[in-house]
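Per-entry structural report
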Amino acid sequence: MVIKNLENKIKLVLIICCLFLTGCVVISVSSLFVAKGMVDDAQKKIYVLDGTVPVLVQRTTMDETLDVEAKSHVELFHHLFFTLAPDDKYINYTMEKAMYLVDESGLAQYNTLKERGLFQNIIGTSSVFSIFCDSIALNTEEMTFTYYGRQRIERRTNILYREIVTTGGLKRVPRTENNPHGLMIVNWRTILNKDIEQRKKSDF
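Residues numbered from 1 in each chain as written. Predicted model: local features only at pLDDT ≥ 70, side-chain atom pairs only at ≥ 80, totals over all residues. Heavy atoms only, no water.

1. Let's talk about the overall build of the chain
Tallying secondary structure elements over the chain gives five helices and six strands in all. For the chain, the N- to C-terminal ordering of α and β elements is α-β-β-α-α-α-α-β-β-β-β. Sorting the 204 residues of the chain into buried and exposed places 28% on the buried side. In the chain, the share of contacts with a sequence separation of at least 24, taken over all contacts with a separation of at least 6, comes to 57%. Carbon together with sulfur atoms contributes 59% to the accessible area of the chain, which is approximately 13800 Å² in total. (Helix = DSSP H or I, 4+ residues; strand = E, 2+ residues; numbered from the N terminus. Buried < 20%, exposed > 50% of the residue type's maximum accessible area, 1.4 Å probe, protein only. Contact = heavy atoms within 4.5 Å. Areas by Shrake-Rupley, 256 points an atom, 1.4 Å probe, with all protein chains shown as cover.)

As structure tokens, this is what we get:
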């Protein structure tokens, strides 16, 4: 009888110990998940100084801002590539900056224009090229875009307007000083480049 009571007490102690250990494990695991969540939330919060007053701002992920960043990246590249002045150093500078934003397809188009003597012609005729973005159609699922813009070419005697439509894909790359959006344009090609209007300067 004594042995049986002893066995029952041992079983009771074992059950209590098992329940205690299980409770400790559950509490520990729950604490880890709660702590991780708090750390993640803290890392998303950034304080910016407005003068001497710290202002809390919320950090976002690239997925949340992909649409805005992709369009900004595409527009920046086209601005650098199609804005040209009669200055070889300026042309080299903008083209070098543009090449950080595109793969070899952009370099191929640049080399083609160079071989055709476009840049020397710009310098020789004192032409000024500028581009205006009309819209950018972006497909974030397939990571493709179509750029619609108008180019203004000012020469000594006239101003020519051209319609430009290009298309390509986008891939994610590490952010750098020369590529702040962390995107790379791939398989870029021009699908439309035609004159739409020409005006004589004497008309202005």
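2. Notes on unusual backbone geometry
Backbone geometry at Ser126 places phi at a positive 55°, although glycine is not the residue there. Relative to the helices and strands, Ser126 is located in the loop between helix 5 (118–125) and strand 3 (128–139). Given the relative accessible area of 36%, Ser126 is considered partly exposed.

3. Here we look at the sheet that holds strand 6 (residues 183–200)
As summarised here, the arrangement of the four strands in space is 3-4-5-6, forming an open sheet in which the pairing is antiparallel. Unpaired on one side and paired on the other, strand 3 and strand 6 mark the two borders of the sheet. Neighbour to neighbour, the strand axes of the sheet diverge by 20° on average, direction disregarded. (Pairing = 2+ DSSP bridges. Axes fitted to C-alpha atoms, helices over the stretch in contact; angles between N-to-C directions.)

4. Observations concerning helix 3 (residues 88–99)
A rise of 1.5 Å per residue sets the reference length of helix 3, with its twelve residues, at 16 Å; its end C-alpha atoms lie 16 Å apart and thus fit the reference within 8%. Taken as a whole, helix 3 has its buried residues at Ile91, Thr94, Met95 and Ala98. The buried residues of helix 3 all sit within an arc of 100° when viewed along its axis, so they share a single face. Its side-chain oxygen placed 2.9 Å from the backbone nitrogen of Lys89, Asp87 serves as the N-cap of helix 3. (Expected span 1.5 Å × (residues − 1). Arc of directions from axis to C-beta. Polar contact = N/O pair within 3.5 Å; in protein donor to acceptor, adjacent residues only side chain to side chain.)

5. As for helix 4 (residues 104–115)
Relative to the 16 Å expected for twelve residues at 1.5 Å per residue, helix 4 spans 16 Å between its end C-alpha atoms, a close match to the ideal helical length. Every buried residue of helix 4 is accounted for by Ser105, Gly106, Gln109 and Tyr110. Each buried residue of helix 4 lies within a common arc of 140° when the element is viewed along its axis, so the set occupies one face. Turned more than 90 degrees away from the buried face of helix 4, the exposed residues are Glu104, Lys114 and Glu115. One or two steps after helix 4, the chain reaches Gly117, where phi turns positive at roughly 80°.

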